[in-house]
There are 2 protein chains.
Amino acid sequence: MNTSEAPIFIGIDGGGTKCRAVVFDREYNQLSTAVAGPANVAKYGKLAYDEMLAAVREALHRLNLEIESEQHRLFVGAGLAGVNVPSAARALQQWQHPFARFDFTSDIHAALLGAHNGNDGAVLIAGTGSCAAGLKGNAVKQFGGHGFALGDKGSGAWLGKTALAKTLESLDGVILASDFTRDLQQHLSIRSANDIVDVYNQAPPSAFAELAPLVIAAARDRDPIALPIVVEGAVYLSNIASRALIYSGNKLALVGGVIEGILPWLDENLNPSTASAHHGPEHGAVIYQRTKLQAKGQ
Amino acid sequence: MNTSEAPIFIGIDGGGTKCRAVVFDREYNQLSTAVAGPANVAKYGKLAYDEMLAAVREALHRLNLEIESEQHRLFVGAGLAGVNVPSAARALQQWQHPFARFDFTSDIHAALLGAHNGNDGAVLIAGTGSCAAGLKGNAVKQFGGHGFALGDKGSGAWLGKTALAKTLESLDGVILASDFTRDLQQHLSIRSANDIVDVYNQAPPSAFAELAPLVIAAARDRDPIALPIVVEGAVYLSNIASRALIYSGNKLALVGGVIEGILPWLDENLNPSTASAHHGPEHGAVIYQRTKLQAKGQ
């Protein structure tokens, strides 16, 4: 096979804040990567498709390749937020994509496939949002992950939001302030409750998640406001992780930007079952596509 | 004075979900009333002005009067959500309104003036949102009322949101379901967690507040999920009400659509200080304007 005819495998991880494309060779060596804007297909629709294209275009460009000239050998797999919404999945199935082949599944499924290299297993994800999930055969079962407004307890956004709510209560004098709430006020140059409301009332989850490291650092110092917040989040994360672990009957991988910080408070009974994630979700998305191709005998 | 030259007093209560205009005679008898869309001036800007105009126009129309022909004798006072945001207040001051005179203050200030007929006092408001405030002389101090995302604990929207979050946790199996969560599922025709997320993830506070009566009814039946939610809300409301009461040094008026339901759980130490609200916030807005006119010697 001529080199220029060899298939190019591209995995996409599309979330609510950004989307990443990774170009792999046949042995899953990472050749190039690029990031574009949010690709939650339920929330952003066709704009999410444009972001996927932008990430793929840039990742190829770094290899001096173009989508247009390589179209016939681009095999793209994507794990995307929002495909659990049936109307979003139906719309995406109709997408006139410029690839030889495009397969998609949920971001959670791709994360599971990547973390356990295609085998059964569970993940606990704590980043901007939070979620646990188990993979057993082809079936994925999700626990938590219900979004910023109603769930995502223990996530970076939830830690930040809860800390701000407590800071507001301390400014109202209905709870005692702590070193942490005073530090947070100073950090954000807040003089009154209105300053917080002005900035955060319509802010996206990522703006709240930026505060998570401060909450975790204060919990480590046993601050009386920050510690109970982190403990409540960690108890919830331990609960959803346990359910996912039992469902999958295998190992639990911990992933996401907040996991390391919250680790000391997670239920230690989970420790013996914990394993490092093998690969990222972009890799998982390519595994997903290969499984589909194999099922078709291609 | 010719009847057609007598001033017409109009009070406006402008909130985040609707705005109401009431036409009063000189003795504060209510002659007519009309409701229009949301008038939070920080959130809706000039659209809020249009809603105020629509409510005034309709209230006058019901008396066979028009803004245009009565312009010279229309004295309009408004209590508006969002005027605590300095930029919104500055913009409103520049409004080329079609009235003889237009004065505005915050919705909270107008509620206080109405509830205590212009005297010092406190209010606890629990409707779609929640808030307490005290009036002492001309100074208003607010406790809570930080909006749906970060505060409004104990409000109708908060009760509904918290109940849905708990129902999601029960669907994930991380807490036990109760009669209440099962009834709520049935009431909303929910089969899976995704059904809740689809409907409520971007829903306005009023959609959550519609569920509050169900939460309160279940708490009355001592449901193990609903009862702690209502108790937590009531403890918070009691806390902010106490601070407002102490600040004002007078009586506490309880107002809003959720107050009656949550009353059994409010701190009974507040009872001796509780008084019925004399008047509504539209009346309070007219009192506000009269006080300003008197201060100017008009």
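Here, every reference points to the structure presented above.
Residues numbered from 1 in each chain as written. Chains lettered and ligands numbered in written order. Predicted model: local features only at pLDDT ≥ 70, side-chain atom pairs only at ≥ 80, totals over all residues. Heavy atoms only, no water.

Participant: With reference to specific residues and values, describe the overall build of chain A.
Facilitator: In terms of helices and strands, chain A carries 13 helices and ten strands. Dimensions of chain A, computed from C-alpha atoms along their principal axes, come out at roughly 70 × 40 × 35 Å. When the 298 residues of chain A are sorted by exposure, 52% land in the buried category. In chain A, 64% of the contacts between residues at least 6 apart in sequence involve partners at least 24 apart. When the accessible surface of chain A is totalled, it reaches about 13300 Å², and 49% of it is carbon and sulfur. In chain A, 24 side chains carry a positive charge and 28 a negative one; their mean positions are 7 Å apart. (Helix = DSSP H or I, 4+ residues; strand = E, 2+ residues; numbered from the N terminus. Buried < 20%, exposed > 50% of the residue type's maximum accessible area, 1.4 Å probe, protein only. Contact = heavy atoms within 4.5 Å. Areas by Shrake-Rupley, 256 points an atom, 1.4 Å probe, with all protein chains shown as cover. Lys, Arg positive; Asp, Glu negative; His and termini not counted. Charge placed at Lys NZ, Arg CZ, Asp CG, Glu CD.)

Participant: Outline unusual backbone geometry, supporting the account with residue identities and numerical values.
Facilitator: Notably, Ser-189 of chain A is not glycine yet its phi reads approximately 55°, a positive angle. Residue placement: Ser-189 of chain A occurs in the loop between helix H7 (179-187) and helix H8 (193-200). For Asn-64 of chain B, which is not glycine, the phi torsion reads 60° and is therefore positive. Within the fold, Asn-64 of chain B resides in the loop between helix H2 (46-61) and helix H3 (67-70). Look at Asn-64 of chain B and you get exposed, because its relative accessible area is 71%.

Participant: Tell me what's going on with the sheet that holds strand E9 (residues 252-255) of chain A, and back it up with residues and numbers.
Facilitator: Ordered by their spatial adjacency, five strands build an open sheet running E8-E7-E6-E9-E10 (chain A), and the pairing between neighbours is mixed. Looking at the sheet topology across the chains shown, the edges are occupied by strand E8 (139-143) and strand E10 (274-275) of chain A. (Pairing = 2+ DSSP bridges.)

Participant: Explain the interface of chain A and chain B to me, using residue names and the numbers behind them.
Facilitator: In many reports, interface size means the accessible area that the parts give up when they come together. If you look at the interface, chain A gives 33 residues, while chain B gives 33 residues. Carbon and sulfur atoms supply 56% of the area that chain A and chain B bury against each other, a total of about 2400 Å² over both sides. When the area that chain A buries against chain B is broken down by residue, the three leading residues are His-146, Leu-150 and Asp-172 of chain A, summing to 29%. The tally of links from chain A across to chain B stands at two salt bridges. For Glu-169 of chain A, the salt bridge identified is with Lys-153 of chain B, shortest N-O distance 3.7 Å. Applying the counting rule to chain A against chain B returns six residue pairs in polar contact (both at pLDDT 80 or more). Of the residues assigned to the side of chain A that touches chain B, the class counts are 16 nonpolar, ten polar and seven charged. (Buried area = accessible area lost by both parts, 1.4 Å probe. Salt bridge = Lys/Arg side-chain N within 4 Å of Asp/Glu carboxyl O. Polar contact = N/O pair within 3.5 Å; in protein donor to acceptor, adjacent residues only side chain to side chain. Nonpolar A, V, L, I, M, F, W, Y, C, P; charged D, E, K, R; others polar.)

Bear in mind that shape data such as this cannot, by itself, settle questions of function.
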